[in-house]
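Listed below, chain by chain, are the residues.
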Amino acid sequence: MDQLKFIIRRLLYLVVMLLGVATLVFILTKLIPGDPTVANLSQRALNDPKIVAAYKARYGLDKSYPVQYLLYIRNLLQLDLGTSIRTNHPVLEELGRCYPATIELALFAIVIASVFGILFGIISAIKRNSILDQAVRAISVTGVSIPSFWFALLVLYFFYYKLHIFPGPGRLSTNFSAPATVTGMYVIDSLIEGNIPKALDALSHLILPGCVLAAFTMGLITRTTRSNLLDVMSTDYIRTAKAKGLSGTKIILHHALGNALIPVLTVIGLGLGNLLGGMVLVETIFNWPGVGQFAYESVMSADFPSIIGVALLIALNYMVINTVVDILYGIIDPRVRCS
Amino acid sequence: MKKKLLAVALSFAMVLGLAACGNSDSGSATNNNGNNGTTAESGDNGSAEGNTVVLAMGAGFSTLDPGYVYEKYPPLIVNACYENLFKFMDNESAAEPWLAESYEFSEDNLTLTVKLKENVTFASGNPMTSADVLFSINRCKNLQGNPSFICDTIESMEAPDDYTVVFHLTQPDSAILSKLTYSSLAVLDSKVVKENGGTDAADASTTDTAQAYLDTTSAGSGMYVMTSYKPDEEVVLEKNENYWGEGTNVDKYIIRIQPDANAQMMTLSTGDIDVAMNLTDDTMSELKDTENVEILNSASKTVGFVMMNMNEQYGGPVSDPKVQQAIRLAIDYAGVQTICGEGTLTPYSLIQSGFMGSKDPRPTDYTDVEKAKELLTDAGYPDGFDIDMTVSDLDMEGVLLTDLAQKIKDDLAQVNINVNIVTQAWAAGYGDAYRDGTLGFTVMYWGTDYNDPNVQLEFLPGQSVGLRAGWTAEMDPELAPLYQKAMEATEDDARIAVLEEIQDKTYESGPFIMIAQAPAHIAYNTRLEGVAISDPYAMDLTLINVK
């Protein structure tokens, strides 16, 4: 029951927060310099007042800011995010087109980051100050500090261009057509189609961009897991467990890891939120038609409805993820549930 | 427990490995012999019996509705799926009749009568008639989109019969045939477009809803039909089974929107794509020794220029004609060409090389620093001066305008002109200032709208670009009337004469210095033939065959 109240309360916060984000982003887009008419009409068209007037009328840019705002909020409450100034298609439709690609990549990246991050963190903590620990720490620092666009070019150059181990940019090889859209995630949709080779092809296209995106979060997870595990390992109840004669592995997996993983969960949640917001440069290099590319093109075109749409999506990502993380806290640690 | 952990890690690695192997198996059909995409042995892309060509091009467009298309790449697709009354068969020739059987101008050049071919059918099977031509051109005009200005000199049209269209012009227009080749004036299957929300009514800008339909498929008479368009991802064209003319042996085009030049270079080298459309100078040099890859470099008609405002209020010292000439002499044109890359040209003056009537390029040894210093002294600036140069965040075919501004700054430092570069985003102030004519000193570029030298007439005093430099018609009463003269010169000889006169008059004077015609870089797999750079269409897909 408490858990249900908690979720309902969170959902109410969510609505209020989204309206706040929409208002804030609307005001910001109007404050910053940037004219969608100049950004989207050609030099020739800008000379023609008739074309400029028709353009402004088409997107409601001829109305005053308060009227534009009220119309926007009214439409938003009806789940209408408006029409993209750049593409002339509904923003919700555009987000629906590019978000699954980002979700697929982000989930793949976060799985890699979590599995290897936690594994490396445990190894590093168990083998504290050994050569293995130093090596893992070096990898995690590199992952955190390497610029993702450069890393993306590097892995593409070696693993695709030189060694031909992994496929190049794009979501599928050219000898496969896109699967019929069910979820928009090619691996799952290919499996739904029953086409295993296509699903494997789609999965193989996730590897390079997924690893590039995972590098940063994996570094953070490794470091957080290591430091928390070391903290927990020095507590009294672990000493007691050792005194009882339990094996090292049993102590770590059954007694220490659960507590050490709570902060790691936060890092994973934040990392996923970050990835779901889209990574412009990596998406561009890997020709991945996700939210990052869409956001970039929208900003370059001063496409305000799309910019607000992306901002709302990112806010929604973080809020949903934080809610899920809070619920998971309760599952991992009953003390959190009680409080 | 250690074993369990190891097992989990190994399982994960196996999934990744399996996925990688899965791809390399399917990819091997395309990679081993460089004949990528011709067959789909392990895939399902429907090309098992035919030739598929994969092409990568840049981004920067958001619709393929001919009524709205304006940017660089959409004409490549529109030209393959739709057809126009006239067409450029190659980069050198003039516009030739295509859907038109013949044409005739009236004595006063105010009426153009076009007879249509009678055997043309759209992909839907509907026959093409004059009603389709009227609908398409009126729709473009009334949508009030970016390309609507192309119809400015078309006052009205009529269709006396199913295969005749009469254009009534507002004035003689020497570029009208070139304009009719433009993708926005492609002939649409009016029946299909109307069924899907299209209208050519005067209020089409608010009532036409066909864009959503035309962004998913095409409705033309071209050699190909667009079967899929995923914005920012790819466009798929498949052979039009009802094509009325003779086709090529390419059955399918997969056009990837892949803006990164490095990714294009790598995918071309590995055989994943057949044509890379927007490479940079660096990536071209990486491809030079690649087997099965042919490289094309040539100057495009996109031109970079220095603009010096004639209005002293904005231009300050650069509004002085002597200072303008000094700057023209101080620029190191060879250095500018190096920055822009192989294939760059410096046009003679306002008309780009390659256009009808264009003169030979400006010699790179035109630079004369000593003479520039003398001119500055004559103008009252023996010690030079300080000036701001405002530059936008745009690039000209991959060459950053800020890089060009830096080069100009270095060159002008040789004659003691101290340039302070001020960068400003195009959409955040620069565009407005440029349009309003309040920029004093800048580097900008101009891409041609339609493939005709008349697009450059806008740079003349009193015209839209001329006015951005504060250059009014009254300031140059000899040059300004040449605009009308060139517009009305429908005979080639007369046209060339007036275009040459314009170039001579702006070679050493005026507020514009044309510093570079940007290069176009294309590389392709040698299994193809007929690949060529096209100014009007970026590349004409209807001319490409697989060897």
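See the structure printed just above.
Criteria and cut-off values
- Residues numbered from 1 in each chain as written.
- Chains lettered and ligands numbered in written order.
- Predicted model: local features only at pLDDT ≥ 70, side-chain atom pairs only at ≥ 80, totals over all residues.
- Heavy atoms only, no water.
- 1 Å grid on protein atoms, 1.4 Å probe; cavity = no way out; pocket = protein on both sides within 12 Å on 5 of 7 lines; lining within 4 Å.
- Points joined across faces, edges and corners; volume = space filled by probe spheres on them.
- Helix = DSSP H or I, 4+ residues; strand = E, 2+ residues; numbered from the N terminus.
- Nonpolar A, V, L, I, M, F, W, Y, C, P; charged D, E, K, R; others polar.
- Patch = residues over 30% accessible without salt bridge, like charges linked within 9 Å, V, L, I, M, F, W, Y side chains within 5 Å.
- Areas by Shrake-Rupley, 256 points an atom, 1.4 Å probe, with all protein chains shown as cover.
- Salt bridge = Lys/Arg side-chain N within 4 Å of Asp/Glu carboxyl O.
- Lys, Arg positive; Asp, Glu negative; His and termini not counted.
- Charge placed at Lys NZ, Arg CZ, Asp CG, Glu CD.
- Axes fitted to C-alpha atoms, helices over the stretch in contact; angles between N-to-C directions.
- Parallel < 35°, antiparallel > 145°, perpendicular 65-115°, else oblique.
- Contact = heavy atoms within 4.5 Å.
- Buried < 20%, exposed > 50% of the residue type's maximum accessible area, 1.4 Å probe, protein only.
- Pairing = 2+ DSSP bridges.
- Expected span 1.5 Å × (residues − 1).
- Arc of directions from axis to C-beta.

Novice: Can you walk me through the layout of surface pockets in this structure?
Specialist: Gaps left between atoms are located by rolling a probe of water-molecule size over the structure's atoms. The space that makes up the second largest pocket amounts to roughly 640 Å³. Lining the second largest pocket are 30 residues, and of these Ala178(A), Tyr186(A), Ser228(B), Lys230(B) and Glu233(B) lie nearest its centre. Breaking the lining of the second largest pocket down by element, the ones donating at least two residues are helix H6 (91–126) of chain A together with strand E8 (224–230), strand E9 (234–239) and strand E10 (250–257) of chain B. Considering each element in turn, the lining of the second largest pocket owes the most residues, four residues, to E8(B). Classifying every residue of the lining of the second largest pocket by side-chain character gives 11 nonpolar, 11 polar and eight charged.

Novice: Is there a simple way to think about a negative patch on the surface in this case?
Specialist: Taken together, the side chains of Glu101(B), Glu118(B), Asp161(B) and Asp162(B) define an acidic patch exposed on the protein surface. Note on placement: Asp162(B) falls in the loop between strand E6 (154–161) and strand E7 (164–169).

Novice: Would you take a moment to explain the packing of helix H8 (residues 148–162) of chain A against helix H8 (residues 261–269) of chain B for this structure?
Specialist: Helix-helix packing is described using two parameters, namely the angle between the two axes and the distance between the axes. Remark: H8(A) packs on H8(B), axes separated minimally by 11 Å, with the N-to-C direction vectors making an angle of 5°. Comparing the axis directions of H8(A) and H8(B) gives the class roughly parallel. The residues of H8(B) that touch H8(A), namely those facing Leu153(A), Leu156(A), Tyr157(A), Tyr160(A) and Tyr161(A), are Asn262(B), Met265(B), Met266(B), Thr267(B) and Ser269(B). Considered class by class, the residues forming the contact of H8(A) with H8(B) number seven nonpolar, three polar and no charged.

Novice: How should I be thinking about the side chain of His89(A) in this particular structure?
Specialist: By the element assignment, His89(A) lies in the loop between helix H5 (65–77) and H6. Classification of His89(A) as buried rests on a relative accessible area of 10%. In this structure His89(A) touches Thr83(A), Ser84(A), Glu94(A), Ala212(B) and Asp215(B), once residues within four positions along its chain are discounted.

Novice: What should I look at first to understand the pairing of E8(B) in this one?
Specialist: On a regular strand, each side chain points to the face opposite its neighbour's, so the side chains alternate between the two faces of the sheet. All names here are of chain B. The pairing of E8 with E9 spans six bridges and is antiparallel. When the sheet's bridge partners are listed, lysine 230 is paired in E9 with glutamate 234. Counted between consecutive antiparallel strands, the loop separating E8 from E9 contains three residues, among which aspartate 232 sits at a positive phi close to 65°.

Novice: Just checking my understanding: could you explain H5(A) for this structure?
Specialist: Turn by turn, an α-helix covers 3.6 residues, leaving residues three or four places apart pointing in a common direction. Residue and element names in this part refer to chain A. Compared with an ideal rise of 1.5 Å per residue, which puts 13 residues at 18 Å, H5 spans 18 Å between its outermost C-alpha atoms and is within 8% of the ideal. The set of residues buried in H5 consists of Gln68, Tyr72, Ile73, Asn75 and Leu76. Along the long axis of H5, the arc covered by the buried residues comes to 165°, so they all point the same way. Facing away from the buried side of H5 by more than 90 degrees, the exposed set consists of Pro66, Leu70 and Leu77. Phi for leucine 79, located one or two positions after H5, is positive at around 60°.

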